[in-house]
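The primary structure of each chain is shown beneath.
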Amino acid sequence: MSKFYITTPIYYVNDEPHIGHAYTTIVGDVLARYHRQKGDDVFYLTGIDEHGAKIAESAKEHNMDTQKFCDQTAAKFMNAWQALDISNDFFIRTTNKDHKDVVSKIFQTLHDKGLLEEKEYEGLYCVGCEKFLTERDLVDGKCLDHKREPDTLKEKNWFFKLEQFLPKIQELIESDTIQILPVTRKNEVLGLLKENVMKDFSVSRQKTSVAWGVDLPFDDNQVSYVWVDALSNYITAIGYPDDMDKFKKWWPADLHLLAQDILKFHAIYWPAFLLALDLPLPKTLFIHGFFTINGEKMSKTIGNVIKPQELIDKYGVDATRYLLLSQFPFGQESDIREDHFVERYNADLANGYGNAVARVTTLIEKNNLQIVINKETTWIDSLAKDYNNYRFDLVIKNIMSKLQELDGYITTNEPWKIEDEKKLVEVLSHSANELWLISQGLLPFMPNIAQQVLDILEAKQIKKAPPLFPRLVDNANDAN
Ligand code: ME8
């Protein structure tokens, strides 16, 4: 048995959970469940990022106390993940006292080691992005993402001596000691390192400009820059440094999941902080693409933000998870189209899996047959290759091919016409065993319905399954 420590980014608490967050979190959950199914010891972490000027600003807009505002949105995230059946082992909040205490300790260690230096900083700071921008990032003097002029900030900050770690980080990435996947993202990071654009950077902010953060133990006027605080969640959540037994059990992370927007922070800053703390480095970072909705960037301004609950209301939890992961190869940038959801739902789930389960269990119940499930799992093991390549779309495709084979087998053998009981048992027993395998394969994607089918098949007497996936009317296509 091996251990598997997997994380998602901790999402900003000033956003409500949307399908971008849901996508990464469902992928993490599928992997966590797959590893548990294989018998691995799994720790799956997700959570929220609660500090920084942007969050204090949002709270003010809502006329709320900042901590209360965080508590309210934290609950929305936790509820969303519960509704999507996310099996995380912990939910980290960066306003947890334990987390904040450790971030302070980390700052003290960096300070004691001479890795922090006080310098004057002047820059264009966008509160929306939570970062300093360069002239290059601006269009008509405004931040492209937030359509606002950045503030000019000039202040004394503590800088982290990043540059001395860069040659080591480059070597670790080149040798895949820290594996960055897909390889295009690895090359992107190596490009940044070779261009010499990564510089020592400011890791604190004056309380006068940002007050909502973790206090620095050695400077009353400064708080932590949000990224030091945020990245540290991956180690504070598993006990660093107060419960070193727990920490050593799980660290290093086997897999950090994230999208390209935060690649630099995870592939360069994070390894540098870990090297500075003399801690082992994460094994793999998988960077997936950003998706658009019907061809447009998802944004509150456009009004095309899809909330997970809207999909759950329409398709159910299991189908929502399945549909999000089967749309396109994991890793690639892509476009989400809801009309494809309906098409796929009807083809794979209503007419496919749901129908096969209904046909087979109805015939078994009607003929009152005793069917034995032999639980032979060799075929399940064959899915490992696509899982190891993070090709969830192909795992699903493989499972669906098996389902099509079974459909063909049923159509050819026409069990509803078979009169010889021995032959009927043979055909339905093969069908039920295939459905058992298909359900095992689907279990990480559809934990409720696949388990429900497994329970039906494993019962002493197989009973007709209730309707699993009611057919949906495809409004988008009907209108054409
Ligand atoms: O960056 N397509 O939080 P965040 C795919 N707090 N994935 C998407 C997406 C989209 N359109 N939109 C969001 C932060 N995501 C920091 C992270 S970690 C120590 C701190 C997902 O709320 C994707 O995983 O902006 C992306 O990396 C993450 O949400 C960004 O979440």
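Structural data are supplied above this passage.
A quick note: this is a predicted structure, and the numbers were derived from the prediction, not measured. (Residues numbered from 1 in each chain as written. Predicted model: local features only at pLDDT ≥ 70, side-chain atom pairs only at ≥ 80, totals over all residues. Heavy atoms only, no water.)

Chemist: What should I look at first to understand the overall build of the protein chain in this one?
Modeler: In terms of regular secondary structure, the protein chain is built from 19 helices and 17 strands. Relative to the compact-globule value of 23 Å for 480 residues, the protein chain shows a C-alpha radius of gyration of 26 Å, a close match. Taking the principal axes of the C-alpha coordinates as reference, the protein chain spans close to 90 × 50 × 40 Å. When the 480 residues of the protein chain are sorted by exposure, 55% land in the buried category. Considering only intrachain contacts with a sequence separation of at least 6, the fraction spanning at least 24 residues in the protein chain is 76%. Summed over its atoms, the accessible surface of the protein chain is roughly 21500 Å², and 48% of this surface lies on carbon and sulfur atoms. Mean positive and mean negative side-chain charge positions of the protein chain (55 and 72 charges, respectively) differ by 1 Å. (Helix = DSSP H or I, 4+ residues; strand = E, 2+ residues; numbered from the N terminus. Rg over C-alpha atoms; globule rule 2.2 N^0.38 Å. Buried < 20%, exposed > 50% of the residue type's maximum accessible area, 1.4 Å probe, protein only. Contact = heavy atoms within 4.5 Å. Areas by Shrake-Rupley, 256 points an atom, 1.4 Å probe, with all protein chains shown as cover. Lys, Arg positive; Asp, Glu negative; His and termini not counted. Charge placed at Lys NZ, Arg CZ, Asp CG, Glu CD.)

Chemist: Can you walk me through the pattern of salt bridges in this structure?
Modeler: Where side chains of opposite charge bring their charged atoms close, a pairing between them can arise. Within the structure shown, the criterion is met by 32 salt bridges. Measuring nitrogen to oxygen at the nearest pair gives 3.0 Å for the salt bridge that ties Asp41 to Lys249. Here Asp41 is found in strand β2 (residues 41-49), whereas its partner Lys249 is found in helix α9 (residues 244-250), with 208 residues between them in sequence. With a relative accessible area of 23%, Asp41 lands in the partly exposed category. Here Glu338 ties to Lys314 by a salt bridge, and the two come within 3.5 Å at their closest N and O atoms. Of this pair, Glu338 sits in helix α13 (residues 338-366) while Lys314 is found in helix α11 (residues 308-315), placing the two residues 24 residues apart along the sequence. Looking at Glu338, the relative accessible area reads 27%, which means it is partly exposed. Given a relative accessible area of 42%, Lys314 falls into the partly exposed group. Each of Lys3, Asp254 and Lys283 takes part in a single network of salt bridges with overlapping partners. (Salt bridge = Lys/Arg side-chain N within 4 Å of Asp/Glu carboxyl O.)

Chemist: How should I be thinking about the sheet that holds strand β10 (residues 201-202) in this particular structure?
Modeler: Backbone-to-backbone hydrogen bonds join strands into a sheet, with any given pair of strands oriented parallel or antiparallel. Taken in spatial order, the 4 strands make up an open sheet running β5-β4-β8-β10, and their pairing is antiparallel. Only two strands of the sheet have a single neighbouring strand rather than two, namely β5 (131-133) and β10. Pairing geometry for strand β4 (residues 116-126) and strand β8 (residues 151-160), over 10 bridges, is antiparallel. Considered in β8, the bridge of Gly123 is made with Leu153. (Pairing = 2+ DSSP bridges.)

Chemist: Looking at this model, I keep getting lost on the site of the ligand. Mind explaining?
Modeler: Lining the immediate environment of the ligand, one finds 23 residues, of which Ile10, Tyr12, Thr24, Asp49 and Asp261 sit closest. At 2.9 Å, a backbone N or O of Tyr12 approaches an oxygen atom of the ligand. His21 is positioned such that a nitrogen or oxygen atom in its side chain is 3.5 Å from an oxygen atom of the ligand. Burial of the ligand by the surrounding chains reaches 94%, relative to a free accessible area of 680 Å². At the level of secondary structure, the elements contributing two or more residues to the shell around the ligand comprise β1 (3-12), α1 (19-37), α7 (226-231) and α8 (233-236). The element that contributes the greatest number of residues to the shell around the ligand is β1, accounting for 4 residues. Tallied by class, residues from the shell around the ligand come to 13 nonpolar, 8 polar and 2 charged. (Near = heavy atom within 4 Å. Polar contact = N/O pair within 3.5 Å; in protein donor to acceptor, adjacent residues only side chain to side chain. Nonpolar A, V, L, I, M, F, W, Y, C, P; charged D, E, K, R; others polar.)

Chemist: So what exactly am I meant to see when it comes to the sheet that holds strand β13 (residues 219-224) here?
Modeler: Strand order in this open sheet of 3 strands is β11-β13-β12, and the pairing throughout is antiparallel. Each edge of the open sheet carries a strand with a single partner, namely β11 (204-206) and β12 (215-216). Pairing analysis gives 2 bridges linking β12 to β13, with the strands arranged antiparallel. What sits directly across from Asp215, in β13, is Val223.

Chemist: Hey, could you run me through the packing of α13 against helix α17 (residues 421-442) in this one?
Modeler: To describe two helices that pack against each other, one gives the angle between their axes and the distance between the axes. Closest axis-to-axis distance for the α13/α17 pair is 10 Å, and the angle between their directions is 145°. Pair α13 / α17 crosses with left-handed handedness. Of the residues in α17, those touching α13 at Tyr353, Ala356, Val357, Val360, Leu363 and Ile364 are Leu428, Ser431, Ala432, Leu435, Ile438, Ser439 and Leu442. Its residues assigned to classes, the contact of α13 with α17 shows 11 nonpolar, 2 polar and no charged. (Axes fitted to C-alpha atoms, helices over the stretch in contact; angles between N-to-C directions. Left-handed = near helix turned anticlockwise from the far one by under 90°.)

Chemist: Which parts of the structure should I look at to understand the side chain of His35?
Modeler: If you trace the backbone, His35 turns up in helix α1. Engagement of the side chain of His35 in a polar contact is seen with the side chain of Asp40, the distance being 2.7 Å. Contact partners of His35, with chain neighbours within four places excluded, come to Phe4, Asp40 and Val42.

Chemist: Got a minute to help me understand helix α4 (residues 97-112) in this structure?
Modeler: An α-helix turns once per 3.6 residues; consequently, residues spaced three or four apart project the same way. Here α4 contains 16 residues, and its C-alpha end-to-end distance of 23 Å stays within 8% of the 22 Å for a straight helix at 1.5 Å per residue. Residues of α4 that are buried: His99, Val102, Val103, Ile106, Phe107 and Leu110. Taken around the axis of α4, the buried residues stretch over an arc of 145°, which confines them to a single face. Seen from the open side of α4, the exposed residues pointing more than 90 degrees away from its buried face are Lys97, Asp98 and Asp112. Gly114 sits one or two residues past α4 and shows a positive phi near 75°. (Expected span 1.5 Å × (residues − 1). Arc of directions from axis to C-beta.)

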